[in-house]
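# Chain and residue survey
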Amino acid sequence: MSVIDLRSDTVTQPTAAMLEAMTRAATGDDVYGEDPTVNQLEAELARRLGFAAALFVPTGTMSNLLGLLAHCERGDEYIVGQQAHTYKYEGGGAAVLGSIQPQPLEVQADGSLDLADVAAAIKPDDFHFARTRLLALENTMQGKVLPLEYLARARAFTREHGLALHLDGARLYNAAVKLGVDAQEITRHFDSVSVCLSKGLGAPVGSVLCGSVELIGKARRLRKMVGGGMRQAGLLAAAGLYALDNNVQRLADDHANAQWLADGLVKAGYAVEPVQTNMVYVQMGDRAEAFKAFAAERGIRLSAAGRLRMVTHMDVDRAGIEQVIAAFVEFSRN
Ligand SMILES: *Cc1c(COP(=O)(O)O)cnc(C)c1O
């Protein structure tokens, strides 16, 4: 029985073509700056997203951490969503490793932070307070795409208040594909952007931080400090380049599959949140554990949560989605 794993879009396996691109990669020691494939990936993503420089790192967590540390000094503060990855899901790294204080704010229904809330959270220039330096947004945020008009307002707002603006764009390309725009329409509003290659894009490992030459220079020093300086990393960068060339537009298939799944579950009587990209949230209440076990017997891997998140990706096709819908239908009859 082949397994349908909807826990995350991180579970994808590299395809034969991607593995072949990896074995063909020219490599060198990237700590010496001598890995041509890493250099190519960094240059390529910087170019695509409209930045002067970029840095290849093992994970999105490290990419965000280096971004925060490069923007903020010890005793500074970043404003961030209460439910944002850079606040909630990165082990408190900015505080632990950077002595940077987070100021979390409630995320709005559309995935944005209310700029009036942000304004109210900015600390006055007074020695009682941490120095507010940065606003960190996330796009997509729990599968939701931030409106371009909001990003323009956030840019103007941060300029007015002298804050830097960072994007956790782990799923930047899901947002761009959903909006049908070039990714630069999103990234042009930010001082730094972190992109994951290992989510929907299907690479086994890797994220890239983009920013100015100065910011990326700082991030490169910090990457060494936290142990992220890799050697013949071109093997991994080649998978990232392959993903950028082949797996961006196909994210639309994942979005269509997520919508198909949501429609099927609504028909079966489940409470499903509106779908924008590749995430489906369904209310399972106290049946979550039981359904997880029920689904597992049918070769479907899920998380157990009252608000169950299912994430579509390249290793789940429409037939797989139909199997998942069938499991929900069968479960609701029991
Ligand atoms: C996955 C993810 C990251 C970081 O991912 P790693 O697992 O550390 O590579 C950062 N932000 C968001 C929104 C994510 O979904």
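Definitions and limits used
Residues numbered from 1 in each chain as written. Predicted model: local features only at pLDDT ≥ 70, side-chain atom pairs only at ≥ 80, totals over all residues. Heavy atoms only, no water. Helix = DSSP H or I, 4+ residues; strand = E, 2+ residues; numbered from the N terminus. Rg over C-alpha atoms; globule rule 2.2 N^0.38 Å. Buried < 20%, exposed > 50% of the residue type's maximum accessible area, 1.4 Å probe, protein only. Contact = heavy atoms within 4.5 Å. Areas by Shrake-Rupley, 256 points an atom, 1.4 Å probe, with all protein chains shown as cover. Pairing = 2+ DSSP bridges. Axes fitted to C-alpha atoms, helices over the stretch in contact; angles between N-to-C directions. Near = heavy atom within 4 Å. Polar contact = N/O pair within 3.5 Å; in protein donor to acceptor, adjacent residues only side chain to side chain. Nonpolar A, V, L, I, M, F, W, Y, C, P; charged D, E, K, R; others polar. Parallel < 35°, antiparallel > 145°, perpendicular 65-115°, else oblique. Left-handed = near helix turned anticlockwise from the far one by under 90°. UniProt positions renumbered as here; feature names shortened; annotations may be inferred. Patch = residues over 30% accessible without salt bridge, like charges linked within 9 Å, V, L, I, M, F, W, Y side chains within 5 Å. Salt bridge = Lys/Arg side-chain N within 4 Å of Asp/Glu carboxyl O. Core = buried A, V, L, I, M, F, W, Y, C linked by side-chain atoms within 4.5 Å. 1 Å grid on protein atoms, 1.4 Å probe; cavity = no way out; pocket = protein on both sides within 12 Å on 5 of 7 lines; lining within 4 Å. Points joined across faces, edges and corners; volume = space filled by probe spheres on them.

Once that is clear, we can look at the overall build of the protein chain. What the protein chain contains, in helices and strands, is 14 helices and 11 strands. A globule of 334 residues ought to have a C-alpha radius of gyration of about 20 Å, and the protein chain, at 20 Å, matches this closely. Within the protein chain, buried positions represent 53% of all 334 residues. Long-range pairs, those at least 24 residues apart, make up 74% of the contacts in the protein chain between residues at least 6 apart in sequence. Accessible area of the protein chain: about 14400 Å², with a carbon and sulfur share of 51%.

This part takes up unusual backbone geometry. Looking along the chain, the bond that leaves Asn 139 and enters Thr 140 is cis, with omega of 5°. For Thr 140, the location among the structural elements is in the loop between strand E5 (131-138) and helix H7 (148-160). A positive phi angle, close to 55°, is found at Ser 99, a residue other than glycine. Residue classification places Ser 99 among the partly exposed positions, given a relative accessible area of 33%. In this model, Gln 142 sits at a positive phi of 50°, which is unusual for a non-glycine residue. A relative accessible area of 26% places Gln 142 in the partly exposed class.

Let us now look at the sheet that holds strand E2 (residues 53-57). The seven strands are arranged E2-E8-E7-E6-E5-E3-E4 in an open sheet whose pairing can be described as mixed. Edge positions in the sheet fall to E2 and strand E4 (101-105), since each has one partner strand and no second. When strand polarity is set aside, the average angle formed by the axes of neighbouring strands in this sheet is 20°. Of the strand pairs in this sheet, strand E7 (residues 192-196) and strand E8 (residues 207-211) are connected by four bridges, and their pairing is antiparallel. The residue of E8 that forms the bridge with Ser 194 is Leu 209. Packed on one face of the sheet, helix H2 (residues 36-49) meets E2, E7 and E8 and runs near 130° to E2.

Moving on, we come to the site of the ligand. Surrounding the ligand, one finds Thr 59, Gly 60, Thr 61, Asn 64, His 85, Glu 90, Glu 138, Asp 168, Ala 170, Arg 171 and Lys 199. Taking His 85, its side chain carries an N or O atom lying 3.4 Å from a nitrogen atom of the ligand. At 2.6 Å, a side-chain N or O of Asp 168 approaches a nitrogen atom of the ligand. The protein chains hide 82% of the 380 Å² of surface that the ligand would expose on its own. Among the elements that make up the shell around the ligand, the one with the highest residue count is helix H3 (residues 60-71) (three residues). Tallied by class, residues from the shell around the ligand come to one nonpolar, five polar and five charged.

By the element assignment, Ile 300 lies in strand E10 (residues 300-301). Each C-alpha atom, one on Ile 300 and one on Leu 201, is 22 Å from the other, the two residues being 99 residues apart in sequence. Setting aside residues up to four positions removed in sequence, Ile 300 forms contacts with Ile 4, Ala 295, Gln 323, Val 324 and Ala 327.

All right, on to the packing of helix H1 (residues 16-23) against helix H11 (residues 234-246) then. The geometry of a pair of packed helices is captured by two quantities: the angle between their axes and the separation between those axes. Taken N-terminus to C-terminus, the directions of H1 and H11 make an angle of 135°; their axes are 8 Å apart at the nearest point. By the angle between their directions, the pair H1 and H11 is classed as oblique. H1 and H11 meet at a crossing whose hand is right-handed. Residue-level contacts link Ala 17, Met 18, Ala 21 and Met 22 of H1 to Leu 235, Leu 236, Ala 238, Ala 239, Tyr 242 and Ala 243 of H11.

The UniProt entry lists residues 5-284 under the feature "domain: Aromatic amino acid beta-eliminating lyase/threonine aldolase" (unreviewed entry), expressed in the numbering used here. Helix makes up 42% of residues 5-284 and strand makes up 16%, while its end C-alpha atoms are separated by 18 Å.

Taken together, the side chains of Val 96, Leu 97, Met 225 and Val 226 present a nonpolar region at the surface, about 390 Å² in accessible area. Of note, Leu 97 is situated in helix H5 (residues 93-98).

Grouped together as the largest cluster of nonpolar side chains are 56 residues, with contacts concentrated most on Leu 49, Phe 56, Leu 137, Leu 172 and Tyr 173. When residues of this core are assigned to their parent elements, the largest contribution, six residues, is made by H11. Ignoring any residue separated from it by four or fewer positions in sequence, one finds Leu 172 in contact with Leu 49, Asn 139, Leu 167, Ala 183, Ile 186, Thr 187, Val 193 and Val 195. Formed by 27 residues, the second largest nonpolar core is a distinct cluster that contains Val 280, Phe 291, Ile 300 and Val 316.

Glancing now at the layout of surface pockets. A volume near 390 Å³ is recorded for the largest pocket. What lines the largest pocket is a set of 19 residues, and nearest its centre among them are His 85, Tyr 89, Arg 171, Met 279 and Arg 309. Taken together, the elements giving at least two residues each to the lining of the largest pocket come down to strand E6 (164-169), strand E9 (279-283) and strand E11 (307-311). The residue inventory of the lining of the largest pocket, partitioned by class, reads five nonpolar, eight polar and six charged. By volume, the second largest pocket amounts to about 230 Å³. What lines the second largest pocket is a set of 14 residues, and nearest its centre among them are Tyr 173, Asp 182, Ala 183, Val 248 and Gln 249. Broken down by secondary-structure element, the contributors of at least two residues to the lining of the second largest pocket are helix H8 (172-179) and H11.

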